[in-house]
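# Architecture and fold: a report
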Amino acid sequence: MLTIRLASLLGPSMTAAVLGIVGAAAGLDSTGRLVGLLVGSAATALLVLARVRSRDAAILPADWITLARALLAAGVAALVAESFERSVSITALVTLAAIALALDAVDGPVARRTGSAGPLGAHLDGETDAFLILLLSIEVFVRYGVLASWVLAIGAAHYLLLIGSWPMRWLRTPVPARAWRKVVAAVQGITLAVAVSGVLNAFLGLIAVAGAFALLLESFGRDVVWLFRAGAGAVSRRVAGIATTSIAAAVVWAALVVPDRFSRLTPVAFVRIPVEGLAIVALALLLPPRARRAMATVAGLLIGLLTVVKVFDMGFYVELDRPFDPILDWSNLQPAIGVVRVSIGRTATDAFLVALALAAALTLVLVTAATVRVCSVAARYRRNSAGGVAALGVLVAVAAALSLQLAPGDPFASTATVGVAASQVRDAAAAIRDQQRFENAIHTSDPHAQVPAPNLLTGLRGKDVLVVFVESYGQVALQNSSFSARDDVALRNDDASLARAGWSTQSAWLSSPTFGGISWLAHSTLQSGLWVDSQQRYDELLDSKRFTLTAAFHKAGWRTVSDVPSDDKPWPEGKAFYHYDTQLDSRNVGYRGPRFSYAKIPDQYTYDAFGKLVLTPEHRPVMAEIDTVSSHEPWTPLPHMVAWNRLGDGSVYRSMASHGLRRSEAFSNDAVLKQLYGQSIRYSLQALTSWIVRLNDPNLVVVLLGDHQPATLVSGNSPTHSVPVSIVARDPGVFRDIASWHWQDGLVPDSAAPLEKMDAFRNQFLDAFSSTPGGAADHQTFGAPPR
């Protein structure tokens, strides 16, 4: 009894001591201290009560270790409670959790050496583990936000099983000891602690936690199955059968009606009746057993495959504002993966791809198994199933006749999966035909390539011509958004600065072949005069001899330069296809500063370095394409303007790169994300216009345009593909040559400004500034883009 009393006294005292140390290190306030004290006191009381009710009524050596772990968990609880109100010391939280996890490997051997191992000690130890995992899962949720809400299921799993054991007594049966169960429990704690620590970036941390969660589901599932087989009665088995069939039906139903766009992913969408499901069940009622199983398996695989396609479509609509193209988009995946690797790192990207492949495989298996289950149960209860199908069929027929809709775009009777399958087949056929037309256009004789060099671009002789693509600079930056008003004001101020320095500007709109990313499709479309809207077309174009804007300037005697600050590898196509004499990238402009997420080099530095390296006092006329990157997703952290004479080698940016929101924080709040995007556009345009004013070159002509709109997270649902395009020059003759274009004055075009497809620009530009126009006979439209 002495040890019982000692523990009763020391428990709260030791808790207070732990909280005192944690408070001194992490600055706990009264809320955290109160929570920690309650947890520590409750843990002590439970331990004492458990031992009092046991036969020996003594605190055993291993119990002291378990009590120490519980008191450390009390400190973790205090910090977690505090983190809901303010930032806490992650170092203190992870240290306490790590010590508690490490001691878990000590109490077992101590119990065995002292001969005090028993079920009660093991139970207390397990409860301590479960509580610590619950606390860490809550902290992961607090740290990563709503995107990590699923992590709470890891902490809740033990307690859900405990609650389930109240009505289902068979869940109380002791399960056989398994070493794997202990390994899985340890993996949960370690993985959650690592995710909380921030050692891994947010994306990789959540991938690791997802892997641990998968192990937990397997371990829990195996135990529940064993318990069910060992002790479940007839009622429980019947309930389990009904539950399994209900879950299978829900899986098939959801897979059939789930839409292919996030904007349509609403509760109403899942209330619709899937016509395909009724047809499958009806067929199952008519077929003999062997044919029924084969039909159900094939149907399940097709439904699962189309579900994966719908998920692909969701991602493509968010990023590119179009569905997945089964013919052309496979070639887009590799460059897209490359962009993701640059943004979040190779390890995180590889982990994501593995998780994506596993999720796709799991979807196929789960939907197929669910379809087979539904068909077999329907055949077993043939009469009831036939009546249900008939009743729902009549309801569907009436709804179709009356054109009933649950919501706009959500008819009562759903054929979503058949619709996706039909559109995939239709789009594939159209893509094949369209691709043949594109290939023909590449090899068709180009009239502009036949114009003699002395007659090419005569209206721009002696001038430096820069084509500047501003990343993600779309119509949403200037019109109809929560941030466009600020961008409009900033751009008008930039326009006024240019006007005071003697510059004129005119603007319009171009419709881009891409959306949300894959910028090089826009670059090649503008340069080639062909509609390049896929990686496959891009690759084919670069293997051709198509006459580009750069090739025209090169032929007419200009020095041609590319400046792509996002590149860090050789680009042989720049010389072979575009005919660039000089190629600048992140390796050869002298930058020694930090990167800003995807952006290796801030735009302001890019312009400054270009001026110093290319626009030297004795340079011959230059034509260059500059592809800026500071306004590239994820728009955090962002650089800001600094004095031009302080740029140096970019070291001035080091303090900026450590500020700003984490990617996960920015993307968890749409309003914040949009404001960050607007801020990046204002920075990019201010950097360019202030550089033009500072350069003070009367022979400079700048074609400024966006490559594409930002993703739908910023642009909204059903956006246009329009991007602003402007020409900045001092020479009035430049604007006389394009007078027939009817562009508007200023850098901010309104909705009445002319709109052209981006592939029309090359022909119009060469015709306007050449003494012998090449004609527009070769200009064709390959798939009309949305305005």
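In this text, all values refer to a predicted model and were calculated from it rather than measured experimentally. (Residues numbered from 1 in each chain as written. Predicted model: local features only at pLDDT ≥ 70, side-chain atom pairs only at ≥ 80, totals over all residues. Heavy atoms only, no water.)

### Quick word on the overall build of the chain
Test applied: Numbering goes from the N terminus for both helices and strands, where a helix is a DSSP run of H or I of at least four residues and a strand is a run of E of at least two. Residue burial is assigned from relative accessible area. The probe radius is 1.4 Å, only protein chains are included, and a residue is buried under 20% of its type maximum, exposed over 50%, and partly exposed in between. Between two residues, a contact is recorded if the distance between any of their heavy atoms is within 4.5 Å. Accessible areas in this description were obtained via Shrake-Rupley with a 1.4 Å probe; residue shielding takes into account the shown protein chains only.
Within the chain, the secondary structure is distributed over 27 helices and 13 strands. Evaluated residue by residue, the chain yields a buried proportion of 49% over its 787 residues. Partitioning the contacts of the chain with sequence separation of at least 6, the portion at a separation of at least 24 is 76%. By element, 64% of the accessible surface of the chain is carried by carbon and sulfur atoms, the whole surface being about 34800 Å².

### Focus: the side chain of Ser137
Defined as follows: Contacts described as polar in this section are N or O atom pairs within 3.5 Å, which, within protein, must combine one atom able to donate a hydrogen with one able to accept it, while residues neighboring in sequence count only if both atoms come from side chains.
One can find Ser137 in helix α5 (residues 119-144). Look at Ser137 and you get buried, because its relative accessible area is 0%. A polar atom in the side chain of Ser137 sits 2.7 Å from the backbone oxygen of Leu134. Excluding residues within four positions of it along the chain, Ser137 makes contact with Val151, Leu152, Gly155 and Leu192.

### Observations regarding the pairing of strand β7 (residues 559-564)
Using the following cut-off: Any two strands are treated as partners once DSSP identifies two or more bridges connecting them.
For β7, the tally of buried residues reaches five of six residues, placing the bulk of the element in the interior. As paired elements, β7 and strand β9 (residues 622-627) share five bridges and run parallel to each other. If you follow Thr560 over to β9, its bridge partner there is Met623. Relative to strand β8 (residues 582-585), β7 runs parallel, the two being bridged by four bridges. Note that in β8 the partner of Val561 across the bridge is Thr582.

### Focus: the confidence of the model for the chain
So the rule is basically this: Think of pLDDT as the predictor's per-residue confidence, scored from 0 to 100.
For the chain, per-residue confidence averages 82 on the pLDDT scale, and residues scoring 70 or more make up 84% of the total. The low-confidence segment residues 776-787 (pLDDT under 50) makes 39 contacts with residues lying over four places distant or belonging to another chain.

### Thoughts on the packing of helix α17 (residues 519-528) against helix α18 (residues 535-542)
Rules: Axis lines are fitted through C-alpha atoms, for helices just across the contact stretch, and the angle between N-to-C directions can take any value from 0 to 180 degrees. Any angle that is under 35 degrees is reported as roughly parallel, and any over 145 degrees as roughly antiparallel; angles of 65 to 115 degrees are reported as roughly perpendicular and all others as oblique. Throughout, a crossing is termed right-handed when the near helix is turned clockwise from the far one, and left-handed when it is turned anticlockwise from it by less than a right angle.
In the contact formed by α17 and α18, the axes pass within 10 Å of each other and the chain directions differ by 45°. Relative to α18, α17 is oriented oblique. Considering only the axes of α17 and α18, their crossing is left-handed. Contacts from Trp520, Leu521, Ser524 and Ser528 in α17 reach Gln535, Tyr538 and Leu541 in α18.

### A word on the environment of Val532
By the secondary structure assignment, Val532 is in the loop between α17 and α18. Take Val532: its relative accessible area is 0%, and that puts it in the buried class. Other than its neighbours up to four places away in sequence, Val532 contacts Phe438, Pro513, Leu521, Ser524, Thr525, Arg537, Tyr538 and Leu541.

### Regarding the side chain of Gln479
If you trace the backbone, Gln479 turns up in the loop between β5 (464-470) and α16 (484-500). Beyond its immediate chain neighbours, meaning those up to four positions away, Gln479 contacts Ser484, Trp509, Pro749, Asp750 and Ser751.

### Remarks on the packing of aromatic side chains
Heads up, the condition is: A pair of Phe, Tyr and Trp rings is counted when the ring centres sit within 6.5 Å of each other, with Trp represented by its six-membered ring. The angle between the planes then sorts it: under 30 degrees is stacked, over 60 is edge-to-face, the rest tilted. Charge-over-ring contacts are defined here by two conditions on Lys NZ or Arg CZ: a distance within 6 Å of the ring centre and an angle within 35 degrees of the ring normal.
All chains considered together, the criterion is met by 17 aromatic pairs. Arranged with centres 5.4 Å apart and planes meeting at 75°, the rings of Trp635 and Tyr677 form a pair that is edge-to-face. With Trp635 in the loop between β9 and α22 (654-657) and Tyr677 in helix α24 (residues 670-695), the pair connects residues that are 42 residues apart, well separated along the chain. The class of Tyr677 is buried, set by a relative accessible area of 0%. A network of ring pairs unites the aromatic residues Phe553, Trp558, Trp741, Trp743, Phe761, Phe765 and Phe769 as a single cluster. Here the guanidinium or amino end of Lys757 rests over the ring plane of Trp531, the centre of that ring lying 4.0 Å away.

### Side note on a nonpolar patch on the surface
Note the following rule: A residue counts toward a patch only above 30% relative accessible area and without a salt bridge, and it is joined to like-charged neighbours within 9 Å or, for Val, Leu, Ile, Met, Phe, Trp and Tyr, to nonpolar neighbours within 5 Å. In what follows, salt bridge is the name for a side-chain nitrogen of Lys or Arg lying within 4 Å of a carboxyl oxygen of Asp or Glu.
Side chains of Leu160, Leu162, Ile163 and Trp166 sit close together on the surface and give an oily, nonpolar patch of about 450 Å² of accessible area. Structurally, the position occupied by Trp166 is in the loop between α6 (152-164) and α7 (179-197).

### Quick notes on the nonpolar core
Rules: Among buried residues, the Ala, Val, Leu, Ile, Met, Phe, Trp, Tyr and Cys ones that are joined through side-chain atoms within 4.5 Å form a nonpolar core.
Core analysis: the largest hydrophobic core is formed by 58 residues, its most contacted members being Leu466, Phe610, Tyr653, Trp691 and Ile692. Secondary-structure elements contributing two or more residues to this core are β5, α16, α21 (603-613), β9, α23 (663-667), α24 and β10 (700-706). Of all the elements, α24 adds the most residues to this core, at ten residues. Those residues in contact with Leu466 that sit more than four places away from it in its chain are Phe610, Ala624, Ile626, Trp691, Leu700, Val701, Val702 and Val703. The next biggest cluster of nonpolar side chains, apart from the first, holds 37 residues, and it includes Ala508, Ala522, Leu705 and Ile727.

### What about α7?
Just so we agree on the cut-off: Under the convention used throughout, the expected extent of a helix is 1.5 Å for every residue step, that is, one less than its residue count.
Relative to the 27 Å expected for 19 residues at 1.5 Å per residue, α7 spans 27 Å between its end C-alpha atoms, a close match to the ideal helical length. Within α7, burial applies to Val184, Gln188, Gly189, Thr191, Leu192, Ala193, Ala195 and Val196. Immediately beyond the C-terminal end of α7, within one or two residues, lies Gly198, with a positive phi of roughly 85°.

### Regarding the pattern of salt bridges
Side chains carrying opposite charge are able to pair once their charged atoms draw close together. Counted according to the given criterion, the structure contains eleven salt bridges. Note that Asp223 and Arg178 form a salt bridge whose closest N and O atoms lie 2.9 Å from each other. Of the two residues, Asp223 sits in helix α8 (residues 202-231) while Arg178 sits in the loop between α6 and α7, which places them 45 residues apart along the sequence. The exposure classification of Asp223 matches that of Arg178, with both residues buried. The residue Lys569 makes a salt bridge to Asp568 at a minimum N-O spacing of 3.4 Å. A relative accessible area of 37% places Asp568 in the partly exposed class. Taken together, the salt bridges that share partners define one network made up of Arg178, Arg181 and Asp223.

### Here we look at the packing of helix α9 (residues 234-257) against helix α11 (residues 289-320)
The interhelical angle for the contact between α9 and α11, taken along N-to-C directions, is 50°, at an axis separation of 9 Å. Judged by the inter-axis angle, α9 sits oblique to α11. Seen from above, α9 lies across α11 with left-handed handedness. Contact residues: α9 offers Ala255, Leu256 and Val257, while α11 offers Ile303, Thr307 and Lys310.

### Some points on unusual backbone geometry
Excluding glycine, a negative phi dihedral is what most residues carry, and trans is how most peptide bonds are arranged. Geometrically, the link from Glu633 to Pro634 is a cis peptide bond, its omega value of 20° lying close to zero. Within the secondary structure, Pro634 sits in the loop between β9 and α22. At the junction of Thr636 and Pro637, the peptide bond is cis and its omega measures out at -5° in the coordinates. Looking at where Pro637 falls in the secondary structure, it is placed in the loop between β9 and α22. For Asn696, which is not a glycine, the phi torsion comes out positive at approximately 55°. Examined against the element boundaries, Asn696 turns out to sit in the loop between α24 and β10. Asn696 gets classed as partly exposed once you look at its relative accessible area, which sits at 44%.

### Things to note about α17
Of all ten residues in α17, nine are buried, a share of seventy percent or more. All buried positions along α17 are accounted for by Ser519, Leu521, Ala522, His523, Ser524, Thr525, Leu526, Gln527 and Ser528. Of the residues one or two after α17, Gly529 is the one with positive phi, at around 75°.

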